[in-house]
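Observations on chain architecture
Here's the letter readout for the chains.
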Amino acid sequence: EHTASLDQANAKHCMELTTQLWQLGSSVVMITHDAVAAKRYGTRLLAFQSGRIVANMAAAEKNALELPRLLALCGMGALEDPPAPQASSGTTYG
């Protein structure tokens, strides 16, 4: 995760350098927990959940994928609307 623990400005600069390396013909593998960056960069997307590949997408499929669906594939969001909150028992702690 080459952008982990970087502030926004340095993460952006790091991704610009990474893109330049790719444009010069280098193969680049980016590991990230940032679903937005995973969707934005690269020509292929592999999504993992619990150590297993749950999605393997070429650029066209990756680019058409909506972010909520990507999050759900990775176990980071629900595929459907979340359940309604359950009624409380009435006990209040304070």
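Calculation rules
Here the residue index of a chain counts from 1 through its sequence in written order. Restriction of local features to residues with pLDDT of at least 70 applies here, the model being predicted, together with a cutoff of 80 or more for giving and counting side-chain atom pairs; totals for whole chains, interfaces and linings are based on all residues. As a rule here, side-chain values come from all non-hydrogen atoms in the structure, and water together with hydrogens is ignored. Residues form patches when they are more than 30% accessible in relative terms and have no salt bridge. Like charges link within 9 Å. Nonpolar side chains (Val, Leu, Ile, Met, Phe, Trp, Tyr) link within 5 Å. Only the protein chains shown count as cover for residues, and all accessible areas are computed by the Shrake-Rupley method using a 1.4 Å probe. Here, a salt bridge means any Lys or Arg side-chain nitrogen found within 4 Å of an Asp or Glu carboxyl oxygen. Working definition: helices are DSSP H or I runs of at least four residues, strands are E runs of at least two. Numbering for both runs from the N terminus. Pairing between two strands is assigned when DSSP locates at least 2 bridges connecting them. Classification of residues uses two cut-offs on accessible area relative to the type maximum, computed with a 1.4 Å probe and protein chains only: under 20% is buried, over 50% is exposed, and between them is partly exposed. In this description, contact between two residues means that some pair of their heavy atoms is separated by no more than 4.5 Å. pLDDT measures the predictor's confidence residue by residue and takes values from 0 up to 100. For our purposes a nonpolar core is just a set of buried Ala, Val, Leu, Ile, Met, Phe, Trp, Tyr and Cys residues, chained together by side-chain atoms within 4.5 Å.

Quick look at a nonpolar patch on the surface now. A contiguous nonpolar surface patch, about 290 Å² in accessible area, is contributed by Leu21, Trp22 and Val28. Among the secondary structure elements, Trp22 is positioned in helix 1 (residues 8-23).

The next point concerns the pairing of strand 1 (residues 44-49). Where strand 1 and strand 2 (residues 52-58) come together, six bridges link them in antiparallel fashion. In the strand pairing of strand 2, Leu46 is matched with Asn56.

The subject of this paragraph is the side chain of Thr18. With respect to the helices and strands, the residue Thr18 is situated in helix 1. The exposure class of Thr18 is buried, given its relative accessible area of 11%. Apart from the residues within four sequence positions on either side, Thr18 is in contact with His2 and Val28.

Take the confidence of the model for the chain next. The share of residues in the chain with pLDDT of 70 or more is 81%, and the mean pLDDT across the chain is 79. No element of the chain has a lower mean pLDDT than helix 4 (residues 67-73), which averages 82, and none a higher one than helix 1, which averages 91.

This part takes up unusual backbone geometry. Not every positive phi belongs to a glycine, and Ser5 is a case in point at roughly 65 degrees. Residue placement: Ser5 occurs in the segment before helix 1. Judged by relative accessible area, which is 83%, Ser5 ranks as exposed. You will see that Ser50, though not glycine, has its phi angle at about 55 degrees, which is positive. Structurally, Ser50 is set in the loop between strand 1 and strand 2.

Here we take up the nonpolar core. The biggest cluster of nonpolar side chains holds nine residues, and these are Ala35, Ala38, Leu45, Ala47, Ala55, Met57, Leu65, Leu70 and Leu73. Counting only elements with at least two residues in this core, the list comes to helix 2 (35-40), strand 1, strand 2 and helix 4. For Leu70, the contacting residues outside a window of four places in its chain are Ala35, Lys39, Leu45, Ala47 and Leu65.

Moving on to the environment of Leu45. The topology assignment puts Leu45 in strand 1. Taking relative accessible area as the criterion, Leu45 reaches 4% and is therefore assigned buried. Residues Leu45 and Lys62, spaced 17 residues apart in sequence, show a C-alpha to C-alpha distance of 6.5 Å. Leave out the neighbours within four places in its chain, and Leu45 touches Ala38, Lys39, Ala55, Asn56, Met57, Lys62 and Leu70.

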